[in-house]
Amino acid sequence: MKHWLMKTEPDAFSIDDLERVGTEPWTGVRNYQARNFMRQMKPGDPVLFYHSSCKVPGVYGLAEVATVPYPDPTQFDRKSPYHDPKSTREQPRWELVDVRFVRRLEPPVTLATLREHAEDLEGLKLLERGSRLSVQPVTPHQYRRILALSR
DNA sequence: GCCAACGTTGGC
DNA sequence: GCCAACGTTGGC
């Protein structure tokens, strides 16, 4: 079982939204590295749900992978902002998984807190300089450490 | 294959 | 709003 961190801009889709809908197809990822990580996902994999580009960036909740990877339907939709003209049904480029709400983190673990514990979180991609990857793996150790910071 | 230009991400 | 860092595009 692998552990993951997934970023979202809460103005677009927040932990509140995930709690409300329960399960959400993670559409719109158009970065090959992120896609490749989603391809490795398995149902039940734990996910740290991270809010970015907001007042207090941080991990706001826990989610889990709800499906196996499958083609992102928005790539075929000409009206979608995520439409990819180079994708075909026969040869899709982009895959996604559904993400299921597990629980909120009260309190959330802010980016500032993560930085304070950077030594314990060695190798966490989120803390690496210039890291913009929206889907990234975390080690079981990092996952546990981050959970423990929510209090 | 190189690399400049451009667009995007995301913290501050 | 600024700007550093990164990924992608496209001319050559």
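You'll find the structure just up there.
Computed from a prediction, not measured in an experiment: that's the story for all the values here.

So, the sheet that holds strand 4 (residues 58–65)
Two modes of strand pairing occur in sheets, parallel and antiparallel, and in both the strands are linked by backbone hydrogen bonds.
Part 1 of the reasoning: The strand order across the open sheet formed by six strands is 2-7-4-3-1-8, and the pairing between neighbours is mixed. Where the open sheet ends on each side, the last strands, each with one partner, are strand 2 (23–25) and strand 8 (135–138). Strand-to-strand twist across the sheet, computed as the mean angle between neighbouring axes with direction ignored, equals 35 degrees.
Part 2 of the reasoning: Judged from the six bridges that link them, strand 3 (residues 46–51) and strand 4 form a sheet pairing that is antiparallel. Opposite phenylalanine 49, over in strand 4, you have glycine 61 as the bridge partner.

Section: the protein's contact with DNA strand B
Part 1 of the reasoning: The full set of residues close to DNA strand B is Lys7, Tyr50, Ser52, Ser53, Pro57, Leu111, Arg115 and Arg132.
Part 2 of the reasoning: Interatomic distance of 3.0 Å between a backbone N/O atom of serine 53 and a phosphate oxygen of DNA strand B.
Part 3 of the reasoning: Interatomic distance of 3.4 Å between a side-chain N/O atom of arginine 115 and a phosphate oxygen of DNA strand B.
Part 4 of the reasoning: Among the residues forming the surface near DNA strand B, the class breakdown is three nonpolar, two polar and three charged.

Topic: the packing of aromatic side chains
Part 1 of the reasoning: For the coordinates displayed, the defined rule picks out four aromatic pairs.
Part 2 of the reasoning: A ring pair is formed by tryptophan 26 and phenylalanine 49, whose centres lie 5.8 Å apart and whose planes are at 75 degrees; its orientation type is edge-to-face. Of this pair, tryptophan 26 sits in the loop between strand 2 and helix 2 (32–39) while phenylalanine 49 is found in strand 3, placing the two residues 23 residues apart along the sequence.
Part 3 of the reasoning: Taken together, the aromatic side chains of Phe13, Trp26 and Phe49 make up a single cluster linked through ring pairs.

Some words on the protein's contact with DNA strand C
Part 1 of the reasoning: Tyr32, Gln33, Arg129, Gly130 and Arg132 make up every residue found near DNA strand C.
Part 2 of the reasoning: Taking the atoms of DNA strand C that fall within 4 Å of the protein, sugar and phosphate contribute 74% of them.
Part 3 of the reasoning: Tallied by class, the residues present in the surface near DNA strand C amount to one nonpolar, two polar and two charged.

Notes on the pattern of salt bridges
Part 1 of the reasoning: According to the stated counting rule, one finds eight salt bridges in the structure shown.
Part 2 of the reasoning: The salt bridge involving aspartate 16 is made with arginine 104; its shortest N-O contact spans 2.4 Å. In this pair, aspartate 16 is assigned in helix 1 (residues 15–21) and arginine 104 in strand 7 (residues 98–110), connecting sequence segments 88 residues apart.
Part 3 of the reasoning: In this structure arginine 104 comes out as partly exposed when scored by relative accessible area, which is 27%.
Part 4 of the reasoning: Across the pair aspartate 120 and arginine 145 runs a salt bridge whose closest N-O atoms are separated by 2.6 Å.

So, how was this worked out
- Residues numbered from 1 in each chain as written.
- Chains lettered and ligands numbered in written order.
- Predicted model: local features only at pLDDT ≥ 70, side-chain atom pairs only at ≥ 80, totals over all residues.
- Heavy atoms only, no water.
- Pairing = 2+ DSSP bridges.
- Helix = DSSP H or I, 4+ residues; strand = E, 2+ residues; numbered from the N terminus.
- Axes fitted to C-alpha atoms, helices over the stretch in contact; angles between N-to-C directions.
- Near = heavy atom within 4 Å.
- Polar contact = N/O pair within 3.5 Å; in protein donor to acceptor, adjacent residues only side chain to side chain.
- Nonpolar A, V, L, I, M, F, W, Y, C, P; charged D, E, K, R; others polar.
- Phe/Tyr/Trp six-rings, centres within 6.5 Å; stacked < 30°, edge-to-face > 60°.
- Salt bridge = Lys/Arg side-chain N within 4 Å of Asp/Glu carboxyl O.
- Buried < 20%, exposed > 50% of the residue type's maximum accessible area, 1.4 Å probe, protein only.

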